[in-house]
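For reference, the chains in residue letters:
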Amino acid sequence: MLRHLFRTVNLFDTAKSALFLCILAGCHGQSGGSGGARGLVYYETYDPRSLDPALSTDVPTGEMITLLFDGLTQFNADGQLLPGLSDRWTADRTGQRYVFHLRSGVTFHDGRPLVAADVKRSLLRVLSPGTRGGRVWPLLPIAGAQDYADGRARDVTGIAVLGDTAIAFTLTEPLAVFPKFLAMPVASVVSPAVPADFGQHPVGTGPWRFVAWEHDDYLRFARNPSYWGGAPLGESLTVRIIPEALTRAAEFLAGRISVVEIPFGETKKWEQEHPDWLKRKPALRPIYVPLNNRRGALRDPRVRQAINHAVNVPEILRTVWNGRGDLAAGSIPPTLGGSDPSRRPYSYDTTEARRLLRVAGYPNGFSLQLWRSGTNVEMGRVAQAIQAQLAAVGIQVEIVSRDASSMREAVRKGDTDMAITDWWADYPDADNFLYPLFHSASVGPGGNYAFYRDRVTDSLIMVARRTVGQSAREALYRRIDTRVYDAAPWLYLWFAVDLWAEHPSIEGWDIPVVFNGQRWTKVRVKAGR
């Protein structure tokens, strides 16, 4: 999933000015903000699209749905798969049929008890041809789901309700990661009573109940005292809409939001001034440059390897990215099973780069375009560093700066030689960094922006998806990642390390490695604050 990073801004001067004005106005503690918010306060950079799981297509919508609803499974902040509305499940030995058993005593916010029919009804509602604009792909592995979504069938044959307490799924083919798909927001279970304005007045089973939504200003939630997982520690949660990084920093320092992500350009300032507030966690997010494997000189793997050797990635990471990353020696994040910690990144070796270019038939180099998003300052600086270092081995790079949507469209169409970008995990499994990024069925819009095609890789990925045993599947992931890495379809840069600040009045919050991994149930305002 593509999501662009924050711009660099000088936060502290503006933040301190805002704090001074706040003091003059009599602000205090966690109070203030839209609607007189007190207690826990989070933020989004733009208004959610909807609060209806069927329309969950963006991060703010997905994060809000995670507060209000539950799926059969769920992720924690570290990306571990946990039971959700289902307290246990079984799979046949082929990985093609799953049975999920519902936990007892679960009720919706309106008091209705949860039964298995509610699960099927919710998933059919997502797949219905009348539901437009959602991301239904997590449900399409279910037998009959595609025909139902296309209007060719009146039911989904692969979903069977087993009384009130269990539900079975039969898939079109084995898929070991299917339980992780059911943790996606689109697979959330909704109340059987769904009014026309459900996206504005949602009813779920989640830890937080909907209270109010002032569009482009804030959303308000109250804790669900009867939540099956235990009532949240905080009484209320307000989510403010704050587009600008300057404003977010000012509001955090004034105590009016509970946590804030630190922009890359401000890393040293925050480390020096507020080190005790900071939290770090390796993200499931590679920063990389897809090299279009079907264009010009980039068709030759030796050229692509030369590009990897010609760029001093450790230096760029240290000087441009403020060290907030781990060098990449593959596409699988090092915290996930299937990564290979013994594999070394491409060495910075301009002699080897020139040798590879010479044997590939480019002793005098060649010219390329490197696309970047014009609104992302850090990415632009990385692009300039790459440009300068490739010039040293004879590769002349023209930087093309476009708005994010225009760049995304060009990349997906295969109209770019190179483009600096990132990939955000939809689900925490190595499969999410192999199938969409390197399978030939995913070229272009599917995520394979390098247009990498290899029959052996395709075959191995499909074998891994069908392999039920975790250790065997992870061994296949390592084999695939090694094969792809040797072919160098990317200029491998690094995996981002997220850096956030937690306000000293707050405790219990953790950085989620996936967008739907933080439910705010263990977070609270410290006593006496």
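Note: the structure precedes this text.
Quick look at the structure, then.

Criteria and thresholds
Residues numbered from 1 in each chain as written. Predicted model: local features only at pLDDT ≥ 70, side-chain atom pairs only at ≥ 80, totals over all residues. Heavy atoms only, no water. Pairing = 2+ DSSP bridges. Helix = DSSP H or I, 4+ residues; strand = E, 2+ residues; numbered from the N terminus. Axes fitted to C-alpha atoms, helices over the stretch in contact; angles between N-to-C directions. Buried < 20%, exposed > 50% of the residue type's maximum accessible area, 1.4 Å probe, protein only. Parallel < 35°, antiparallel > 145°, perpendicular 65-115°, else oblique. Left-handed = near helix turned anticlockwise from the far one by under 90°. Contact = heavy atoms within 4.5 Å. Phe/Tyr/Trp six-rings, centres within 6.5 Å; stacked < 30°, edge-to-face > 60°. Lys NZ or Arg CZ within 6 Å of the ring centre and 35° of its normal.

Details of the sheet that holds strand S9 (residues 218–223)
And step 1. Ordered by their spatial adjacency, four strands build an open sheet running S1-S10-S9-S8, and the pairing between neighbours is mixed. The open sheet has two edge strands, strand S1 (40–44) and strand S8 (208–214), and neither has a second partner. When strand polarity is set aside, the average angle formed by the axes of neighbouring strands in this sheet is 20°.
And step 2. By the bridge criterion, five bridges tie S9 to strand S10 (residues 236–241) in an arrangement that is antiparallel. Across the sheet, Arg-220 pairs through a bridge with Thr-238, a residue of S10.

Some remarks on the pairing of strand S12 (residues 278–290)
And step 1. Within S12, 10 of the 13 residues are buried, which leaves it mostly tucked inside the rest of the structure.
And step 2. Inspection of the sheet shows S12 paired to strand S18 (residues 490–502) by 10 bridges, in the antiparallel sense. Its bridge partner being in S18, Ile-287 is matched across the sheet by Trp-494.
And step 3. Bridge analysis of S12 against strand S17 (residues 421–422) gives two bridges, and the strand direction is antiparallel. Among the inter-strand pairings, Ile-287 is bridged to a residue of S17, identified as Asp-422.

Section: the packing of helix H14 (residues 455–466) against helix H15 (residues 470–487)
And step 1. Direction vectors running N to C along H14 and H15 enclose 160°, while the axes themselves pass 9 Å from each other. Our classification of the angle between H14 and H15 gives roughly antiparallel. Both H14 and H15 take part in a crossing whose hand is left-handed. Taken together, the residues of H15 that come into contact with H14 (itself represented by Val-456, Thr-457, Leu-460, Ile-461, Val-463 and Ala-464) are Arg-473, Leu-476, Tyr-477, Arg-479, Ile-480, Arg-483 and Val-484.

Section: the packing of aromatic side chains
And step 1. Tallied over the entire structure, the rule returns 27 aromatic pairs.
And step 2. Seen from their ring centres, Phe-169 and Phe-178 are 5.6 Å apart, and the 65° between their planes marks the pair as edge-to-face.
And step 3. On the basis of relative accessible area, Phe-169 is assigned to the buried category, the value being 0%.
And step 4. Taking 5.2 Å as the distance between ring centres and 45° as the angle between the ring planes, the aromatic pair formed by Trp-500 and Trp-509 counts as tilted.
And step 5. Note on Trp-500: relative accessible area 9%, which makes it buried.
And step 6. Here Trp-509 falls in the buried class, since its relative accessible area comes to 3%.
And step 7. Ring pairs connect the aromatic residues Tyr-288, Tyr-346, Phe-438, Tyr-452, Tyr-485, Trp-490 and Tyr-492, which therefore count as one cluster.
And step 8. The positively charged end of Arg-285 is found above the aromatic ring belonging to Trp-424, 4.1 Å away from the centroid.
And step 9. The ring of Phe-264 has Arg-324 lying over it, and the distance from NZ or CZ to the ring centre is 4.1 Å.

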